[in-house]
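Take a look at the letters that make up each chain.
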Amino acid sequence: MTISYNWLHDYLPVTIDPERLSKLLTSVGLEVESLEKYESLKGGLQGLVIGEVLSTEKHPNADKLTVTKVNVGAGEPLQIVCGAPNVAAGQKVVVATVGATIYPKKGDPLTMKLAKIRGVESYGMICAEDEIGLSEDHAGIMVLPADVKVGIPAADYFKIYTDHIYEIGLTPNRMDAMSHRGVARDVCAFLSYHDHKDLKVVAQPIGDFKVDNNSLPISVTIENTNACQRYAGVSISNVTVKESPQWLQDKLRAIGQRPINNIVDITNFILHETGQPLHAFDADKITGKKVLVKNLAEGSTFVTLDEKERKLSAEDLMICNGNSEGMCIAGVYGGATSGVSNATKNIFLESAWFNPVDIRKTSFRHGLRTDAATRFEKNVDISNTVNVLKRAALLIKELAGGEIASEVVDVYPNPKQQPQVQLKYQFLKKLSGKSYPADAVKKILIALGFEIVKESAEDIVVTAPFSKPDIHLPADIVEEIMRIDGLDNVEIPNAITISPSVETNRTKHIYREKMANYLVGLGFNEIFTNSITNAAYFDEQELNTAVKLLNNLSADHNIMRPSMLQTGLEAIAHNLNRKNSDLRFFEFGKTYSTQGPGKYSEHERVCLYVTGQVTEDAWKGKGTAADIFYLKGVVARILQLTGISKAAFAPITGAGNLVNALQVTINKDVVVTLGVVPPQELKRFDIKQPVFYADVDFEILLKHISATSIKAKELPRQLPVRRDLAMVVPKSLPFADVENAVKKVKLDKLQSIQLFDIFESEKLGADKKSLAVSFTFLDEEKTPTDKDIDGMMNKIMNALETTLQAEIRK
């Protein structure tokens, strides 16, 4: 929400410093996200003055330059070297003195300095229009009328409009603050309470409204009274559509609005003044002089203001003429032929209340996110419909001429009742943590537009104003009181009472914390990526089970992610583009899928992403590049950390978006899939270095963790014994086959198997390699003898020779 400091002060009875106002707004819950100075012309012509050229003479060293003497109204005349061909004595000109900064229409800002131009000192610059940003004209210096006073600031002469602009982060329930008058109401309430004054928002000037004649009556019929609960309108004849006056253009431009013409600008002005959207129709194009508020048949076509033909839904509310032809999508967007043009002479002005749900659905259905739709979908003040209409009609009459040519039509079939809310003072104290005197509560609520119905020592009953449609509960009233008291003034209690709760899934949080701490200790960084991603990342098979968004805000974010790989690659690409090439990320998140309408599921996962080097270059040697074995080791350690000892690693093919993939299973449940991200997937994200990825199914892992009992036992008193063994095997044989062959021997005292060397040479034979493996044995009862160890090693060697046809090197 954009608020203008100057505009806001049109409704405030006192002046407040911009910085204080910023703090005040944040204190009452209207968080100021930015405060910036606005100037209708960049730089505001600061430091530029009106001068008079007293004399001119040719530059002694340059034929095209002129040495001038210029009176700037203070001190001695300035000597300025000028290159313009039209400079002459007696001219009134714009002068940029030494120290002033000019902002050309094109190019960078330029600060004036004392300069020597071809040997002659110059104390400033006589400006052309493009040099100070007024236009693109560079035919010569700007010559002003002869009666202009010398020495006055150029900003005063050109009437440069300056302002301060606030960007306010509104919560969705604060529709009452989506206008300057709404913000002014909060400011007055705050100042009245804290400064002990009775300050009120300056009243709307509608007292002079009167009907001039009844020459242009237009009737209104509401067919859908749920979607349109109130509709008001008035006709104005003989208007002149033209450019808006400067003050109106300045106000609109300051908040980022583009002036169009006086009629349209007035409707935009009223929108930002009161929060009530208006629409002006060309009355001569309303067939039958009837307005019908209704829904058209499914698939009906309508050409909107942007000249696009749109197919309507039967749920879209339309403003139609007497022939039931659409003139406007109600509350959202105007039509191509029914709006105000330069030829318009008679207008019909609409002010209405449309159902927020209907407006939001229509707005998203057609992708039309207009200012009017944004207001209507958050609700508007239904009680202010006619007052706003009269305010706009008077402004049109003032700025466009014409006559009010009909009575105000106000169709309000089922008038709304203001909700009543009872607030107990004890509840106020409990929720706010602060004791508020009854008088303070009344003062705040009355200042905000509430009406007191009854009061007692224990409670107060109020009716909420229509401008605050979110007020229904006592807690809503407490929020209003605390806002105006100032959220910064919430007291910190001396004691805090808590109710202990029982965690329903404590194991999940414990192991999540364990895994996160371990990974951070390894140098990983935790990331949080968006659960909504781009359907273009996935193939047709994946999209068949993907959860698609019906009302996506962006074309690039249109499905719930079926995999966490792509969102992680986005984070990697973002960092690589900023020269962070050594990355280790992990993320706890969810993936989403569907098996048909209403059958949705989500799965918790832990994903690891590694790229670049895992150790840095140092004086002792080069760093180590990441590879699949590093990631496998991290995964194995995570499983060990969680108490999983019976996990099996096995290579797989066809692992979706991975190559050289491994799968980790526990009792046939796939717990982890890890591998290398293929080049075609990396190319999609413009990543030019290998990325290694592991996807841990956290839900299945937790299931096996819960089934694993952890027991404590005394540390063994015996020492482990290690034996090494070298064997020649085929090059294609994976080490996992060696591990599996040894495990099938079922030696209870075998503690671990470790591959510590691989040797390849033609001397071993064609397609052969040598593996050096260490075996660690431990007998917790006694120290094993050489005979015991030799017996176990012989069983291992026999199994390797028999199962794998390994040649044992002795």
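In this numbering scheme, every chain counts its residues from 1 along its sequence in written order. Local features in this predicted model are restricted to residues of pLDDT 70 or higher, and side-chain atom pairs are both shown and tallied only at a pLDDT of 80 or more, whereas totals for entire chains, interfaces and linings draw on every residue. Excluded from the side-chain calculation are hydrogens and water; included are all heavy atoms of the structure.

**Here's the deal with the overall build of the protein**
Here's step 1: When helices and strands are counted, the protein shows 20 helices and 42 strands.
Here's step 2: Counting only C-alpha atoms and orienting by the principal axes, one finds that the protein spans roughly 115 × 85 × 65 Å.
Here's step 3: Remark: exposure states derive from per-residue accessible area (1.4 Å probe, protein chains only) relative to the maximum for the residue type, with buried under 20%, exposed over 50%, and partly exposed in between. The burial tally for the protein puts 48% of its 810 residues in the buried class.
Here's step 4: Taking contacts inside the protein between residues at least 6 apart in sequence as the whole, the part at least 24 apart equals 69%.
Here's step 5: Positive charges come from Lys and Arg alone, negative charges from Asp and Glu alone, with His and the N- and C-terminal ends not counted. Where a charge lies is defined by one atom per residue type: Lys uses NZ, Arg uses CZ, Asp uses CG and Glu uses CD. The centroid of the 93 positive side-chain charges in the protein is displaced by 4 Å from the centroid of its 101 negative side-chain charges. Under the scheme used here, helices are H or I runs from DSSP no shorter than 4 residues and strands are E runs no shorter than 2 residues, and both carry numbers assigned from the N terminus. Here, residues are in contact when the closest pair of their heavy atoms is within 4.5 Å.

**Topic: the pairing of strand S33 (residues 583-594)**
Here's step 1: Burial of S33 is extensive: 11 of the 12 residues sit out of reach of the surface.
Here's step 2: Judged from the two bridges that link them, strand S29 (residues 525-526) and S33 form a sheet pairing that is parallel. Paired with Asn-525 across the strands is Phe-585, a residue of S33.
Here's step 3: Pairing between S33 and strand S34 (residues 600-611): 12 bridges, direction antiparallel. When DSSP finds two or more bridges between a pair of strands, those strands are recorded as paired.

**A word on the packing of helix H13 (residues 506-521) against helix H16 (residues 628-641)**
Here's step 1: Where H13 meets H16, the axes come as close as 10 Å, and the angle between the chain directions of the two elements is 140°. Of the two elements, H13 crosses H16, and the hand of that crossing is right-handed. Counted together, Tyr-511, Lys-514, Met-515, Tyr-518 and Leu-519 of H13 and Val-634, Arg-637, Ile-638 and Leu-641 of H16 form the full contact between these two elements.
Here's step 2: Here the residues of the contact of H13 with H16 are counted per class, giving seven nonpolar, no polar and two charged. Lines fitted to C-alpha atoms define the axes, with helix axes restricted to the stretch in contact, and inter-axis angles between N-to-C directions lie between 0 and 180 degrees. For any helix crossing, the convention is left-handed if the near helix is rotated counterclockwise from the far helix by under a right angle, and right-handed if that rotation is clockwise. All residues other than Ala, Val, Leu, Ile, Met, Phe, Trp, Tyr, Cys, Pro, Asp, Glu, Lys and Arg, Gly among them, are scored as polar; the first ten of these are nonpolar and the last four charged.

**Observations concerning the packing of aromatic side chains**
Given two aromatic rings, their pairing is described by the distance between the two centres and the angle made by the two planes.
Here's step 1: For this analysis, a ring pair means two rings from Phe, Tyr or Trp (six-membered ring only for Trp) whose centres lie within 6.5 Å, classed as stacked if their planes differ by under 30 degrees, edge-to-face if by over 60, and tilted for the remaining angles. Counted by the stated rule, this structure contains 10 aromatic pairs.
Here's step 2: Between Tyr-157 and Phe-158, the ring centres sit 4.9 Å apart and the planes meet at 85°, which makes this aromatic pair edge-to-face.
Here's step 3: Judged by centre distance (4.8 Å) and plane angle (50°), the rings of Tyr-537 and Phe-685 are tilted. Here Phe-685 lies in the loop between helix H17 (679-684) and strand S38 (691-697) and Tyr-537 lies in the loop between strand S30 (532-533) and helix H14 (540-544), a separation of 148 residues in the sequence.
Here's step 4: Take Phe-685: its relative accessible area is 10%, and that puts it in the buried class.

**Remarks on the sheet that holds strand S35 (residues 648-652)**
By definition, the strands of a sheet pair up through backbone hydrogen bonds, in either a parallel or an antiparallel sense.
Here's step 1: Reading across from one edge, S29-S33-S34-S38-S37-S36-S35 is the order of the seven strands in this open sheet, with mixed pairing throughout. The open sheet is flanked by S29 and S35, the only strands paired with a single partner.
Here's step 2: Sheet topology places S34 next to S38; seven bridges connect them, and they run antiparallel. Paired with Arg-605 across the strands is Asp-697, a residue of S38.
Here's step 3: Its contacts with the sheet put helix H15 (residues 565-576) on S33, S34 and S38, and the angle it makes with S33 is roughly 150°.

**Thoughts on the packing of helix H5 (residues 246-254) against helix H6 (residues 262-274)**
Here's step 1: Where H5 meets H6, the closest approach of the two axes is 10 Å, and the angle between their N-to-C directions is 50°. Overall, the two elements H5 and H6 adopt an arrangement that is oblique. Here the hand of the crossing between H5 and H6 comes out left-handed. Across the interface between the two elements, Trp-247, Leu-248, Lys-251 and Leu-252 of H5 pack against Asp-265, Ile-266, Asn-268 and Phe-269 of H6.
Here's step 2: Classifying every residue of the contact of H5 with H6 gives five nonpolar, one polar and two charged. Should an angle fall under 35 degrees it is taken as roughly parallel, and over 145 as roughly antiparallel, whereas 65 to 115 is taken as roughly perpendicular and any remaining angle as oblique.

**So, the pattern of salt bridges**
Here's step 1: Counted as salt bridges are all cases of a side-chain nitrogen of Lys or Arg within 4 Å of a carboxyl oxygen of Asp or Glu. Following the criterion strictly, the structure yields 36 salt bridges and no others.
Here's step 2: When the shortest N-O distance is used, the salt bridge between Arg-561 and Glu-587 registers 3.6 Å. On the criterion of sequence distance, the pair formed by Arg-561 in the loop between strand S32 (559-560) and H15 and Glu-587 in strand S33 is long-range, its members being 26 residues apart. Each of the two residues, Arg-561 as well as Glu-587, counts as buried.

**Some points on H13**
Here's step 1: Multiplying one less than the number of residues by 1.5 Å gives the expected span of a helix. Compared with an ideal rise of 1.5 Å per residue, which puts 16 residues at 22 Å, H13 spans 23 Å between its outermost C-alpha atoms and is within 8% of the ideal.
Here's step 2: Within H13, the full set of buried residues consists of Lys-508, Tyr-511, Met-515, Ala-516, Tyr-518 and Leu-519. The arc that holds the buried residues of H13, viewed along the axis, is 165°, so those residues lie on one side. Residues of H13 that are exposed and angled more than 90 degrees away from the buried face: Arg-506 and Gly-521.
Here's step 3: Backbone geometry just downstream of H13 places Gly-523 in the positive-phi region, at approximately 105°. Of all possible arcs, the one meant is that of the directions from the helix axis to the C-beta atoms.

**As for helix H4 (residues 180-194)**
Here's step 1: For H4, with 15 residues, the first-to-last C-alpha span of 21 Å sits near the 21 Å given by 1.5 Å per residue.
Here's step 2: With respect to burial, H4 is a largely interior element, 13 of its 15 residues being buried.
Here's step 3: Looking at the residues trailing H4, positive phi occurs at His-196, about 55°.

**Brief notes about the sheet that holds strand S27 (residues 451-455)**
Here's step 1: If you trace the three strands from one edge of the open sheet to the other, you get S26-S28-S27, paired in antiparallel fashion. Of all the strands in the sheet, just strand S26 (420-424) and S27 have a single pairing partner and so form its edges. Taking each pair of neighbouring strands and ignoring which way they run, the sheet shows an average axis angle of 25°.
Here's step 2: As judged from the four bridges shared by S27 and strand S28 (residues 459-463), these two strands associate in the antiparallel manner. Residue pairing across strands places Lys-454 opposite Val-461, the latter belonging to S28.

**Here's the deal with the nonpolar core**
Here's step 1: Among the nonpolar cores identified, the biggest contains 77 residues, and Leu-25, Val-187, Ile-396, Ile-477 and Ile-481 are the most heavily contacted of them.
Here's step 2: Here this core takes 10 residues from helix H9 (residues 385-400), the largest share from any one element.
Here's step 3: When residues no more than four places from it in sequence are discounted, the contact partners of Ile-396 are Ile-236, Val-239, Ile-263, Ile-266, Ile-347, Leu-349 and Gly-401.
Here's step 4: For our purposes a nonpolar core is just a set of buried Ala, Val, Leu, Ile, Met, Phe, Trp, Tyr and Cys residues, chained together by side-chain atoms within 4.5 Å. Listed in part, the 38 residues of the second largest apolar core include Val-220, Ala-283, Leu-292 and Trp-353.

**Topic: a nonpolar patch on the surface**
Here's step 1: A surface patch of nonpolar side chains, about 250 Å² in accessible area, is lined by Val-98, Leu-114 and Tyr-123.
Here's step 2: Note that Val-98 resides in the loop between strand S6 (92-97) and strand S7 (101-102).
Here's step 3: Residue classification places Val-98 among the partly exposed residues on the basis of a relative accessible area of 43%. Patches here: salt-bridge-free residues with over 30% relative accessible area, like charges joined within 9 Å, nonpolar side chains (Val, Leu, Ile, Met, Phe, Trp, Tyr) joined within 5 Å. Accessible areas in this description were obtained via Shrake-Rupley with a 1.4 Å probe; residue shielding takes into account the shown protein chains only.

**Considering the environment of Lys-749**
Here's step 1: Here Lys-749 shows up in the loop between helix H19 (735-743) and strand S40 (750-759).
Here's step 2: Lys-749 gets classed as partly exposed once you look at its relative accessible area, which sits at 34%.
Here's step 3: For the pair Lys-749 and Ala-84, spaced 665 residues apart in the sequence, the C-alpha separation amounts to 100 Å.

**Observations regarding the side chain of Arg-174**
Here's step 1: Turning to its location among the elements, Arg-174 is positioned in the loop between strand S13 (162-169) and H4.
Here's step 2: Residues within four places of Arg-174 in sequence aside, it is in contact with Val-28, Leu-30, Asp-186, Lys-468 and Arg-483.

Functional significance is not addressed by these values, which are geometric in nature.
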